[in-house]
Amino acid sequence: MRTTFVVPDDLDAPRRGDDVVAPGDTIPPHNPMCYGCGPRSPHGLHLSMIAGEGVTATGELLVEPRFEGGPGVIHGGILASVFDESMGLGLMLMGLTAVTVVLDIDYARPVPIGTRLRLDARVLGTRRRQVYAEATATVLGADRAAGEPVAGAHGLFVIVDPHAHFGPTRDLGQKE
Ligand SMILES: CCCCCCCC(=O)SCCNC(=O)CCNC(=O)[C@H](O)C(C)(C)COP(=O)(O)OP(=O)(O)OC[C@H]1O[C@@H](n2cnc3c(N)ncnc32)[C@H](O)[C@@H]1OP(=O)(O)O
């Protein structure tokens, strides 16, 4: 993947939280109405990620017709949302809440509607409140073999106190 995003070389190693789901288990959505991962979001992506070893996560996404941008291919903003959410869910394995401050996407290849993507997200490390993560999207063949990555992402997240951060806006959220 090509990128101008700079990952510092002095990051602290990411630490998995003590009270988080085991490898192989689904990472719970952080908000049932979230556009990315919420199962009750009416028009959302309904993305689900499985915890891997360490601070890693994997998932799959079928590129549905409703995700179309240019004729026959996924919209770049949808793919950015997919990466944002897949990295965000992955870093929940650290047992903390963090929000995106920088999102960098490498759209390496067009992604046709009907493609099934495999997503791999990984936290690279931390620096004070900053959490650096990366993710890739790979096309899954009919035999479920993964091909070359078609897109990649880097994200910089900042750890927040969820009560303080979402407190002022919580009542604006959609009701289930
Ligand atoms: C809940 C789980 C969700 C998971 C998936 C979905 C993720 C999302 O899409 S979140 C939605 C989009 N993101 C947002 O709305 C965030 C909006 N931004 C904010 O609210 C604020 O910038 C906030 C709270 C993150 C940080 O503000 P504040 O608490 O004042 O901290 P601040 O001192 O500015 O920054 C903290 C650190 O991050 C760094 N930082 C903040 N923004 C940036 C940036 N854009 N680039 C680089 N570094 C940054 C600062 O330099 C600082 O670093 P250091 O610790 O070295 O001093």
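Above this text is the structure in question.
Worth saying up front: this structure is predicted, and the values here are computed from it rather than measured.

What follows is about the site of the ligand. Taken together, 17 residues lie near the ligand, and Asp84, Thr100, Arg128, Arg129 and Gln130 sit nearest. Contacts to the ligand include Arg128, whose side-chain N or O atom sits 2.7 Å from an oxygen atom. Between the ligand and Arg129 there is a distance of 2.9 Å, counted from an oxygen atom to a side-chain nitrogen or oxygen. Protein chains bury 54% of the 1200 Å² of accessible surface belonging to the ligand in isolation. Counting residues per element, the ones that place at least two in the shell around the ligand are α1 (76-91), β3 (98-107) and β6 (146-159). The element best represented in the shell around the ligand is β3, accounting for 5 residues.

So, on to the nonpolar core. Formed by 38 residues in total, the largest nonpolar core has its most connected members in Leu79, Val82, Phe83, Met87 and Leu119. Mapped by element, the contributors of at least two residues to this core are β1 (49-51), β2 (56-62), α1, β3, β4 (116-127), β5 (130-140) and β6. No other element matches α1, which puts 8 residues into this core. Val82 has contacts with Leu45, Leu47, Leu61 and Leu119, leaving out every residue within four places of it along the chain.

The subject of this paragraph is the side chain of Thr115. Mapped onto the secondary structure, Thr115 falls in the loop between β3 and β4. Within the local environment of Thr115, its side chain forms a polar contact with the backbone oxygen of Pro112, the two atoms lying 2.5 Å apart. Ignoring any residue separated from it by four or fewer positions in sequence, one finds Thr115 in contact with Leu61, Leu62, Val63 and Val139.

A few words on the sheet that holds β3. If you trace the 6 strands from one edge of the open sheet to the other, you get β1-β2-β4-β5-β6-β3, paired in antiparallel fashion. Edge strands, defined here as strands with exactly one partner in the open sheet, are β1 and β3. Each strand of the sheet is rotated relative to its neighbour by a mean of 25°, with strand direction disregarded. Here β4 pairs with β5 via 10 bridges, running antiparallel. Bridge pairing in β5 links Arg127 to Gln130.

What counts, and where the lines are drawn
- The residue numbering used here restarts from 1 in each chain and proceeds along that chain's sequence as written.
- The predicted origin of the model limits local features to residues at a pLDDT of at least 70 and limits the giving and counting of side-chain atom pairs to 80 or more, whereas totals for whole chains, interfaces and linings rest on all residues.
- Hydrogens and waters are ignored; side-chain quantities use all the structure's heavy atoms.
- Nearness here has a simple test: a residue counts as near a molecule or strand if at least one of its heavy atoms is within 4 Å of that partner.
- What qualifies as a polar contact is a pair of N or O atoms within 3.5 Å, subject to a donor-acceptor requirement within protein and to the restriction that residues adjacent in sequence count only when both atoms come from side chains.
- Here, Shrake-Rupley sampling with a 1.4 Å probe gives the accessible areas, and only protein chains in the shown set may cover a residue.
- In this description a helix means any DSSP run of H or I spanning at least four residues, a strand means any run of E spanning at least two, and both kinds are numbered starting from the N terminus.
- Residue types Ala, Val, Leu, Ile, Met, Phe, Trp, Tyr and Cys, when buried and joined through side-chain atoms within 4.5 Å, form a set referred to as a nonpolar core.
- We call a residue buried when its accessible area falls under 20% of the maximum for its residue type, exposed when it is over 50%, and partly exposed in between, using a 1.4 Å probe and counting protein chains only.
- Contacts between residues were defined by any pair of non-hydrogen atoms, one from each residue, lying within 4.5 Å.
- Strand pairing follows a simple DSSP-based rule, namely that at least 2 bridges must link the two strands.
- Between the N-to-C directions of two axes lies an angle of 0 to 180 degrees, each axis being a line fitted to C-alpha atoms and, for a helix, fitted only over the stretch in contact.

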